[in-house]
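Here are the chains, one letter per residue:
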Amino acid sequence: FSPLSDAFELVAEDLQTLNKNLQSIVGAENPVLMSAAEQIFGAGGKRMRPALVFLVSRATAQVSGLKDLTKEHRRLAEIIEMIHTASLIHDDVLDESDLRRGKKTVHQLYGTRVAVLAGDFMFAQSSWYLANLENLQVIKLISQVIRDFASGEIKQASGLFDCDADLDEYLIKSYYKTASLIAASAMGAAIFSGVGGDVCEQMYQYGKNLGLCFQVVDDILDFTQSAEQLGKPAGSDLAKGILTAPVIFSLEKDLKLREIIESEFCEAGSLEQAVDIVKSSGGIERARALAREKADQAVESLGCLPQSSFRLALEQMVEYNLERVR
């Protein structure tokens, strides 16, 4: 048993209910949307984000003496998964990916126009359900996330092949693209448990640092995993001109790398050469240390919670994520 399946086991029933409700929320009246949702909801996603909502909800409910989750907690988990799904549909269009988790992407099946509209519909639908929660603090928190997604994509698209991008810019972009949603999920869950502002803030920090750690680990795997494991060739972000932590660290050490990247890999074999430089110049090790630092900060934020199986599961989530690049 991986520590993650233990963590998910604790909220297995919550996740089952979520799956049933997601279908009805997406809107059964539109077969294309239904099918788009099935594609993603059914594509064996890890459901990490809603599981996180449930774990934080249950861990913080113990602080405020709630006996069970509220319907707001459950709706929040559904909204978060819908926002995440909408962003995946749009991501696949932007990246022109043909497969997601081994299944054809929505735009492969129905064309780009439908995929863009399906993503838009899911963002809109999640906003409508969000408004119906009638909690202004949570509405502000989550609607900011939808804005952050777009900011992150625009930042990424306008900074391709830019060898002067530094670590701070990378972390800001990673916050927009990944950590913002996870931070808001954790804080929203705490707000609905009715705990104090300081605990809510700690949950936000937990989610933010878990999200950043998650992104750094993904970016390391882009170099260290084989094409079979990744489902795409190694260094595929770099090939598109997206410079992640391992590359940014390597650029400080190796001037040849800058030359190759700025030439946009016009020469045969130059991408492979760049990937080799990243691997040999210590960029991967420094990125691992960065992931570890964010992981430690995430775990530290859990100190405000009483010891429980839910808090332990939140700690394990962080550790499990780091295990991927051991």
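Below, the structure is looked at part by part. Computed from a predicted model, the values in this text were never measured in an experiment.

What counts and what doesn't
Per chain, residue numbering runs from 1 following the sequence as it is written. At least 70 in pLDDT is required for a residue's local features to be given in this predicted model, at least 80 for side-chain atom pairs to be given and counted, and no such filter applies to totals for whole chains, interfaces and linings, which use all residues. Excluding hydrogens and water, the side-chain figures rest on all heavy atoms present in the structure. Per the convention used, a helix needs a DSSP run of H or I reaching at least four residues, while a strand needs a run of E reaching at least two, with both numbered from the N terminus. The contact definition used throughout considers only heavy atoms, calling two residues in contact when any of these lie within 4.5 Å. Axes here refer to lines fitted to C-alpha atoms; in helices the fit is confined to the stretch in contact. Angles between the N-to-C directions go from 0 to 180 degrees. Oblique is the label for any angle not under 35 degrees, not over 145, and not in the 65 to 115 range, which are roughly parallel, roughly antiparallel and roughly perpendicular in turn. The classification used treats Ala, Val, Leu, Ile, Met, Phe, Trp, Tyr, Cys and Pro as nonpolar, Asp, Glu, Lys and Arg as charged, and all other residues, Gly among them, as polar. Rotating anticlockwise by less than a right angle from the far helix to the near helix defines a left-handed crossing, while the corresponding clockwise rotation defines a right-handed one. Only a pair of cysteine sulfur atoms within 2.5 Å counts as a disulfide in this structure description. Salt bridges are identified by distance alone: a Lys or Arg side-chain nitrogen within 4 Å of an Asp or Glu carboxyl oxygen. Burial here depends on accessible area, computed with a 1.4 Å probe over protein chains only, as a share of the maximum for the residue type. Under 20% is buried, over 50% is exposed, and the range in between is partly exposed. Only the six-membered ring of Trp is used, alongside the rings of Phe and Tyr, when aromatic pairs are assigned; centres must lie within 6.5 Å, and planes under 30 degrees apart are stacked while those over 60 apart are edge-to-face, with the rest tilted. When the NZ atom of lysine or the CZ atom of arginine is within 6 Å of a ring's centre and also within 35 degrees of its normal, the charge is said to sit over that ring.

As for the side chain of His107
Among the secondary structure elements, His107 is positioned in helix H6 (residues 106-110). Ignoring sequence-local partners within four residues, the contact set of His107 consists of Asp92, Val93, Glu96, Ser97, Thr112 and Ala115.

Focus on the packing of helix H5 (residues 71-95) against helix H9 (residues 167-193)
Packed helices, taken two at a time, are described by their axes: the angle between them and the distance between them. Remark: H5 packs on H9, axes separated minimally by 9 Å, with the N-to-C direction vectors making an angle of 170°. Put simply, H5 runs roughly antiparallel to H9. Along its contact with H5, which presents Glu72, His73, Leu76, Ile80, Ile83 and His84, the element H9 presents Leu181, Ser185, Gly188, Ala189, Phe192 and Ser193. For the contact of H5 with H9, the per-class residue count stands at six nonpolar, five polar and one charged.

Topic: the packing of helix H10 (residues 197-224) against helix H17 (residues 309-323)
Where H10 contacts H17, the axes come no closer than 9 Å and their chain directions differ by 15°. The orientation of H10 with respect to H17, classified from their angle, is roughly parallel. The hand of the H10/H17 crossing is left-handed. Contacts between H10 and H17 involve Tyr206, Leu210, Cys213, Phe214 and Val217 from the former and Leu314, Met317, Val318, Asn321 and Leu322 from the latter.

Some thoughts on the side chain of Ser270
Among the structural elements, Ser270 can be located in helix H15 (residues 270-280). Other than its neighbours up to four places away in sequence, Ser270 contacts Ile260 and Phe265.

Some details on the state of the cysteines
Taken as a whole and judged by the stated rule, the model has zero disulfides. For the unlinked cysteine Cys163, the closest cysteine sulfur is that of Cys266, found at 13 Å.

Focus on the pattern of salt bridges
All told, the structure shown has 16 salt bridges when counted by the stated rule. A salt bridge links Lys256 to Glu259; the nearest nitrogen and oxygen atoms lie 3.9 Å apart. Here Lys256 and its partner Glu259 are both found in helix H14 (residues 255-262), three residues apart, which amounts to about one turn of the helix. Among the residues examined, Lys256 registers a relative accessible area of 39% and is labelled partly exposed. The network of salt bridges with shared partners includes Arg292, Asp296, Glu319, Glu323 and Arg326.

Side note on the environment of Leu221
Among the secondary structure elements, Leu221 is positioned in helix H10. Owing to a relative accessible area of 8%, Leu221 belongs among the buried residues under this scheme. For Leu221 and Lys67, which are 154 residues apart along the polypeptide, the C-alpha to C-alpha distance reads 40 Å.

Things to note about the packing of aromatic side chains
Summed over the entire model, instances satisfying the criterion amount to four aromatic pairs. Judged by centre distance (6.4 Å) and plane angle (50°), the rings of Phe123 and Phe149 are tilted. Highlighted residues: Phe123 in helix H7 (residues 112-131) and Phe149 in helix H8 (residues 136-158), separated in sequence by 26 residues. Classification of Phe123 as buried rests on a relative accessible area of 14%. Its relative accessible area of 11% is what places Phe149 among the buried residues. Between Trp128 and Tyr129 the ring centres are 5.1 Å apart and the planes differ by 85°, which places this aromatic pair in the edge-to-face class. The ring of Phe214 has Arg324 sitting right over it, with the charged end atom 4.7 Å from the ring centre.

Describing unusual backbone geometry
For residues that are not glycine, phi is negative in most cases, and the peptide bond is trans in most cases. Even without glycine at this site, Glu134 takes up a positive phi of about 55°. Summarising the element assignment, Glu134 is placed in the loop between H7 and H8. On the basis of relative accessible area, Glu134 is assigned to the exposed category, the value being 69%. At Phe265, a residue that is not glycine, the phi angle is positive and equals roughly 55°. Looking at where Phe265 falls in the secondary structure, it is placed in the loop between H14 and H15. For Phe265, a relative accessible area of 14% puts it in the buried group.

The analysis is restricted to geometry; functional conclusions fall outside its scope.
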